[in-house]
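Architecture and fold: a report
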Amino acid sequence: MPQHRERPRRLYGVMTTSTLIARKRDGQELSEAQIATLVRDYTNGTIPDYQMAAFCMAVYFRGLTPRETLTLTRCMVESGEVMSWHHLPGPTVDKHSTGGVGDKTSLVVAPLVAAAGSFVPMISGRSLGFSGGTLDKLEAIPGFEVQLSPSHFRRVVEKCGCVLAGQTTELAPADRKLYALRDATATVECIPLICASILSKKLAEGTDGLVLDVKVGEGAFMRTVEEASQLAGVLTDVGNGMGTQTIALITDMNQPLGRAVGNALEVREAIETLKGEGPEDLLHLSEKIASRMLALGGHPEELGAARAKVSSALESGQALDRLRRVVEAQGGDARVVDHPDLLPTARFQQDIPADRDGFVAGINPRTIGQVVMSLGAGRDRMSDTIDHSVGVVLRKKVGDPVHRSESLCTVHYNESSRFEAIREIIVGAFAVQAQRSDPPMLIKAVVD
Ligand code: URA
């Protein structure tokens, strides 16, 4: 007698997965139940990668309606654990940056907000393409552990007021699977999919408030303010629609943020900033994000009072002390906070001189990011190991005067052959002109 094998569950009412892909391909709206089943069955392995890849490509070309985007985000959040922090004596708030070059604000902001009295259960990512990742930077600190168990994650938040860690296996598993698929199928650059991906991780943290730093410019996903505003609008609509107070800042990424680019160099710069000795743009953005986070959590609600709290947490040294405590709680060598020389350093350092007199009119962040990655700071493949010591420290920023032969930047490297390959590329990343141009405006808009 023939055996009847049970068919995998992939019917949506009377629709098969392929009918559903066709609906999206033809620009029709999917129901909540259809999206929920799609996410559930992809996460549990019933729907194969090739069908989900086709679905993502259909979304890439046809987009999602606001209702579909919200449903997709909600289903991705609910694919795993959603953390709860009701037992804490203050609000939970977080930030997320869409990625840039030299962006180490998370390392400054998390301890700063914790010192000001709110809690920050921060889940961060690794470097992607030419832009750095908070987890790779943190791993430059000897012993620092970013992969924490859920109970360790909770303990660090309770003890230090903030944690800086990677996504746990329990958190938004649909995104982990889907993001890898999108990366391999050219479907990353798609606003509704980016929105669902970013927010699913952040909302699963159970945070009360979220500040998004949407980067715009040469060194960002979004090249124009219009594109960045569109992404910011979708993110804030969905975040608020899901019940998490969400705002977005649209910030400049037409030159690297701060002066240091490269893992250990960026940790050092973040420490300097917490000591009040960091670059002005990094300090300014960190203070803005931190005060917005405090105000979103309502602790205090008024922005002016939040700014005052942030300044006091910095000036009193309490923010720096929080960093010390978090490093220790996550297994790192906390002495680096007072002795940054304990961070890995490259064997060679060489200045790149300007080839003419003038004013710096631009520093292409994408080129600087690619150069730093090529020195060994990033991964080509997931299995590659990272050289935490290498990078570039800018000696000049946009608007600065420069004389011929004066240093534009210092390159930190370990392999001479790699340095020779990038020398000319770095000179080309700096635009030097006879007339002075103003630095780009750092915070271009606030979307709430
Ligand atoms: N970062 C994410 O987490 N997801 C995206 O889709 C893009 C950037």
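Note that this is a predicted model, so its numbers are computed, not measured.

Relative to the elements of secondary structure, Asp213 occurs in strand β6 (residues 209-216). Judged by its relative accessible area of 1%, Asp213 is buried. A polar contact is formed between the side chain of Asp213 and the side chain of Lys215, at a distance of 2.8 Å. Each residue touching Asp213, except ones within four places of it in the same chain, is listed here: His96, Ser97, Thr98, Asp103, Leu249, Thr251, Leu285 and Ile289.

On to the site of the ligand. Around the ligand, the surrounding shell consists of Tyr179, Arg182, Ile194, Ser197, Ile198, Lys201 and Phe221. Interatomic distance of 2.9 Å between a side-chain N/O atom of Arg182 and an oxygen atom of the ligand. In isolation the ligand offers 240 Å² of accessible surface; the protein chains occlude 89% of this area. A majority-of-atoms criterion places the ligand in the largest pocket. Counting only elements with at least two residues in the shell around the ligand, the list comes to α8 (173-184) and α9 (191-204). Partitioned by chemical class, the residues of the shell around the ligand number 4 nonpolar, 1 polar and 2 charged.

Moving on, we get to a nonpolar patch on the surface. There is a patch of nonpolar side chains on the surface, built from Met57, Tyr60 and Phe61 and spanning about 310 Å² of accessible area. Locating Phe61 in the fold gives a position in helix α3 (residues 49-62).

Quick look at empty space enclosed by the protein now. Inspection of the entire model under this criterion finds 4 cavities of 30 Å³ or more. The calculated volume of the largest cavity comes to roughly 90 Å³. Around the largest cavity, the lining comprises 15 residues; the ones closest to its centre are Gly132, Val261, Gly262, Glu266 and Met373. Of all elements in the fold, only α11 (263-274) and α15 (365-377) reach the threshold of two or more residues within the lining of the largest cavity. In terms of residues, the lining of the largest cavity owes the most to one element, α15, which gives 4 residues. Its residues assigned to classes, the lining of the largest cavity comprises 6 nonpolar, 7 polar and 2 charged.

Judged by how many residues are buried, helix α5 (residues 105-115) sits mostly within the fold: 11 of 11 residues are covered. All of the buried residues along α5 are Thr105, Ser106, Leu107, Val108, Val109, Ala110, Pro111, Leu112, Val113, Ala114 and Ala115. One or two positions beyond α5, positive phi appears at Gly117, with a value near 110°.

The rules behind each value
- Residues numbered from 1 in each chain as written.
- Predicted model: local features only at pLDDT ≥ 70, side-chain atom pairs only at ≥ 80, totals over all residues.
- Heavy atoms only, no water.
- Helix = DSSP H or I, 4+ residues; strand = E, 2+ residues; numbered from the N terminus.
- Buried < 20%, exposed > 50% of the residue type's maximum accessible area, 1.4 Å probe, protein only.
- Polar contact = N/O pair within 3.5 Å; in protein donor to acceptor, adjacent residues only side chain to side chain.
- Contact = heavy atoms within 4.5 Å.
- Near = heavy atom within 4 Å.
- Areas by Shrake-Rupley, 256 points an atom, 1.4 Å probe, with all protein chains shown as cover.
- 1 Å grid on protein atoms, 1.4 Å probe; cavity = no way out; pocket = protein on both sides within 12 Å on 5 of 7 lines; lining within 4 Å.
- Sits in = over half its atoms within 2 Å of the grid points.
- Nonpolar A, V, L, I, M, F, W, Y, C, P; charged D, E, K, R; others polar.
- Patch = residues over 30% accessible without salt bridge, like charges linked within 9 Å, V, L, I, M, F, W, Y side chains within 5 Å.
- Salt bridge = Lys/Arg side-chain N within 4 Å of Asp/Glu carboxyl O.
- Points joined across faces, edges and corners; volume = space filled by probe spheres on them.

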